[in-house]
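# Commentary on secondary and tertiary structure
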Amino acid sequence: MTEIELLAVDPDAQRTGLGSALLRAAEQTARDHEAQILLAKVADSDFPVLRWWRHRGYTLASPGQEVRLALGWATVMRLLEIGSGRGSVKA
């Protein structure tokens, strides 16, 4: 399991694909290290950011799942296929 501590893009560079490119690089690094799950914490009230993650195949971790949740934060996660350049979303 790998956690993205921070993924941010300067407001002037948003909507250019830079954030998606950074995320793809982080996903590939996680795969290279044989991580099966990639996590990121997002403010649970930041709906545009939650929507951004969901658009890229991430789902909200359910209460009780084996991830640490902090008050005021939601955890988004995605299952990764090891040895593949593509991720898969848990059904």
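That block above? That's the structure.
A brief look at the structure comes next. Predicted model only: the values in this text are computed from it and were never measured.

It is worth spelling out the overall build of the protein chain at this point. Tallying secondary structure elements over the protein chain gives two helices and five strands in all. When the helices and strands of the protein chain are listed from N to C terminus, the series reads β-α-β-α-β-β-β. In the protein chain, of all internal contacts separated by at least 6 residues, the share reaching a separation of at least 24 is 62%. Element-wise, carbon and sulfur atoms account for 53% of the exposed surface of the protein chain, whose accessible area totals about 6,400 Å².

This next bit is on unusual backbone geometry. One can expect most non-glycine residues to show negative phi and most peptide bonds to be in trans. One non-glycine residue with positive phi stands out, namely Arg-15, at about 70°. Tracing the backbone shows Arg-15 in the loop between strand S1 (2-4) and helix H1 (18-32). Not every positive phi belongs to a glycine, and Glu-34 is a case in point at roughly 60°. Assignment of secondary structure puts Glu-34 in the loop between H1 and strand S2 (37-43). Glu-34 gets classed as exposed once you look at its relative accessible area, which sits at 57%.

All told, the structure shown has two aromatic pairs when counted by the stated rule. Aromatic pair Trp-52 and Trp-53: ring centres 5.2 Å apart, planes at 85°, arrangement edge-to-face. Between Trp-53 and Tyr-58, the ring centres sit 4.9 Å apart and the planes meet at 80°, which makes this aromatic pair edge-to-face. One aromatic cluster in this structure is built from Trp-52, Trp-53 and Tyr-58.

The next point concerns the pairing of strand S4 (residues 73-80). Taking burial as the measure, the eight residues of S4 include six buried ones, the bulk of the element. Pairing between S2 and S4: seven bridges, direction antiparallel. Residue pairing in the sheet places Ala-43 in a bridge with Trp-73 of S4. Note that strand S3 (residues 59-60) and S4 share two bridges and pair antiparallel. Paired with Leu-60 across the two strands is Val-76, which belongs to S4.

Before going further, it helps to examine the nonpolar core. The biggest cluster of nonpolar side chains holds 13 residues, and the ones touching the most others in it are Ile-4, Leu-38, Trp-53, Tyr-58 and Val-76. Mapped by element, the contributors of at least two residues to this core are H1, S2, helix H2 (47-55) and S4. Residue contacts for Val-76: discarding those within four places in its chain leaves Leu-38, Leu-39, Ala-40, Val-42, Leu-50, Trp-53, Tyr-58, Thr-59 and Leu-60.

Cut-offs and rules
Residues numbered from 1 in each chain as written. Predicted model: local features only at pLDDT ≥ 70, side-chain atom pairs only at ≥ 80, totals over all residues. Heavy atoms only, no water. Helix = DSSP H or I, 4+ residues; strand = E, 2+ residues; numbered from the N terminus. Contact = heavy atoms within 4.5 Å. Areas by Shrake-Rupley, 256 points an atom, 1.4 Å probe, with all protein chains shown as cover. Buried < 20%, exposed > 50% of the residue type's maximum accessible area, 1.4 Å probe, protein only. Phe/Tyr/Trp six-rings, centres within 6.5 Å; stacked < 30°, edge-to-face > 60°. Pairing = 2+ DSSP bridges. Core = buried A, V, L, I, M, F, W, Y, C linked by side-chain atoms within 4.5 Å.

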